[in-house]
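Notes for the structure review
One-letter residues, chain by chain:
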Amino acid sequence: MSGNFLKFGIAALVLLPASIASAQEALDADETAALCHGGQSICVSAKIPVARTTQTVQNWMSPDVGAAWAAGYKGKGVTITIVDDFSSSSRFSGNFGIGVQTQRHGEWTREEASMIAPAATIRSKDFSTGTAVPLAGGRNVLNLSYGMYANAGYSVSQIGWAREEASIISYATKGSAIVSKAAGNDAVAVGGVTGGQQDYLDLALIGKQTAIFVGALSTNGTTANKAELAWYSNYAGSNTAVQSHFLVVGVEGDKTGLYGTSFAAPIISGYAAIIGSKFTKATPVQITNDLLNTARSDTLVNYDPSVYGKGEASFSRALAPVSIR
């Protein structure tokens, strides 16, 4: 199968940002049906500078973030590439604690990752260009807060991927880069059918050694106040290959006005960068496994691997070892 791709939407293979977006402003037409992309695309924003944000621990973040910063780990030496919308007319409002802003989807996910890992190098790749995603020297993290939907029933081998997604899938397969993928907002299992459609990018990343699917909790969990999966979030499902690479993090939209697994994936991207800044000789596979193997279940309501996968990402546990393998 080949042809047009949209990011997360409804038509042939469609591509759409994974967020539910802002509680303050409804999605417009561009948010629910982005531009078709491919070799003929007119969008060319491959690298967009990111303004450095304040290095203040915000109330939507896990307290572990501040502890990591205090220890000197802020993502230095790791590159996070945000593959997202940086060119459409769609914008929505929110507030990460530095004032209300109205931005494109990619500008929001980029800002969030940069706030978690303020010393990481941040790159932007417009997802409508269709060109391969280049890797930087050193360790790389790719943030995918979008999916690729088409009518259900095809096998992944039938999909004619654009160079963009083909490169991402290859990196996750070979372990060349950590790929943090938003799980989706349809309240179904990863790769499941919704409205007669499936996310084939999810399906293509299942079983790949450095792919992490990220679901959303309604809050950051603690042992005293356990968290539940957000009502909209996709869950791990019965596939053990998904369960073993599925993490959840708090997306506290009541504080930011921003909801959706789009805003879960950049948290894991930032965590991966910070882990890489401590374990400077660790490979993407080792960093991925460290995040997965240190997740906790005691902060979650009625923990079940078919819902929460490995559990809630525990940044403090992931950073605790002297070294990782």
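Just so it is clear, the model here is predicted, and its values are computed rather than measured.

**Some remarks on the overall build of the protein**
On a plain count of helices and strands, the protein comes out with 11 helices and 15 strands. Taking contacts inside the protein between residues at least 6 apart in sequence as the whole, the part at least 24 apart equals 77%. Carbon and sulfur atoms make up 52% of the accessible area of the protein, which amounts to about 11,900 Å² in all.

**Brief notes about the packing of helix H8 (residues 265-278) against helix H9 (residues 284-293)**
At a minimum axis distance of 10 Å, the contact between H8 and H9 shows a crossing angle of 120°. Of the two possible hands of crossing, H8 and H9 adopt the one that is right-handed. Together, Ile268, Tyr271, Ala272, Ile275 and Gly276 of H8 and Ile287, Asp290 and Leu291 of H9 make up the contact between the two elements. Tallied by class, the residues present in the contact of H8 with H9 amount to six nonpolar, one polar and one charged.

**Considering the side chain of Glu111**
Following the sequence through the fold, Glu111 ends up in helix H3 (residues 105-116). Of the side chains with opposite charge, Arg110 comes closest to the buried, unpaired Glu111, at an N-O distance of 7.9 Å. At a separation of 2.9 Å, a polar atom in the side chain of Glu111 contacts the side chain of Gln101.

**Focus on the sheet that holds strand S15 (residues 311-312)**
An order of S7-S4-S8-S10-S12-S13-S15 is seen for the seven strands of this open sheet, with the pairing classed as parallel. Looking at which strands have only one partner, the edges of the open sheet turn out to be strand S7 (121-126) and S15. Here strand S10 (residues 178-182) runs beside strand S12 (residues 211-217); their pairing, made up of four bridges, is parallel. Opposite Lys181, over in S12, you have Phe213 as the bridge partner. Contacting strand S4 (78-84), strand S8 (139-144), S10, S12 and strand S13 (246-250), H8 runs over the sheet at an angle of about 175° to S8.

**Describing the nonpolar core**
One broad trend across soluble globular proteins is that nonpolar side chains are buried collectively. The biggest cluster of nonpolar side chains holds 49 residues, and the ones touching the most others in it are Ile80, Ile268, Tyr271 and Ile275. When contributions to this core are tallied by element, the ones reaching two or more residues are helix H2 (63-70), S4, H3, S12, S13, H8, H9 and helix H11 (315-319). The element best represented in this core is H8, accounting for seven residues. Residues in contact with Ile268, not counting those within four places in the same chain, are Ser180, Ile212, Val214, Leu247, Val249, Leu291 and Ala313. Within the second largest apolar cluster, 34 residues are counted, among which are Ile169, Val242, Val248 and Tyr308.

Rules used throughout
Residues numbered from 1 in each chain as written. Predicted model: local features only at pLDDT ≥ 70, side-chain atom pairs only at ≥ 80, totals over all residues. Heavy atoms only, no water. Helix = DSSP H or I, 4+ residues; strand = E, 2+ residues; numbered from the N terminus. Contact = heavy atoms within 4.5 Å. Areas by Shrake-Rupley, 256 points an atom, 1.4 Å probe, with all protein chains shown as cover. Axes fitted to C-alpha atoms, helices over the stretch in contact; angles between N-to-C directions. Left-handed = near helix turned anticlockwise from the far one by under 90°. Nonpolar A, V, L, I, M, F, W, Y, C, P; charged D, E, K, R; others polar. Buried < 20%, exposed > 50% of the residue type's maximum accessible area, 1.4 Å probe, protein only. Lys, Arg positive; Asp, Glu negative; His and termini not counted. Salt bridge = Lys/Arg side-chain N within 4 Å of Asp/Glu carboxyl O. Polar contact = N/O pair within 3.5 Å; in protein donor to acceptor, adjacent residues only side chain to side chain. Pairing = 2+ DSSP bridges. Core = buried A, V, L, I, M, F, W, Y, C linked by side-chain atoms within 4.5 Å.

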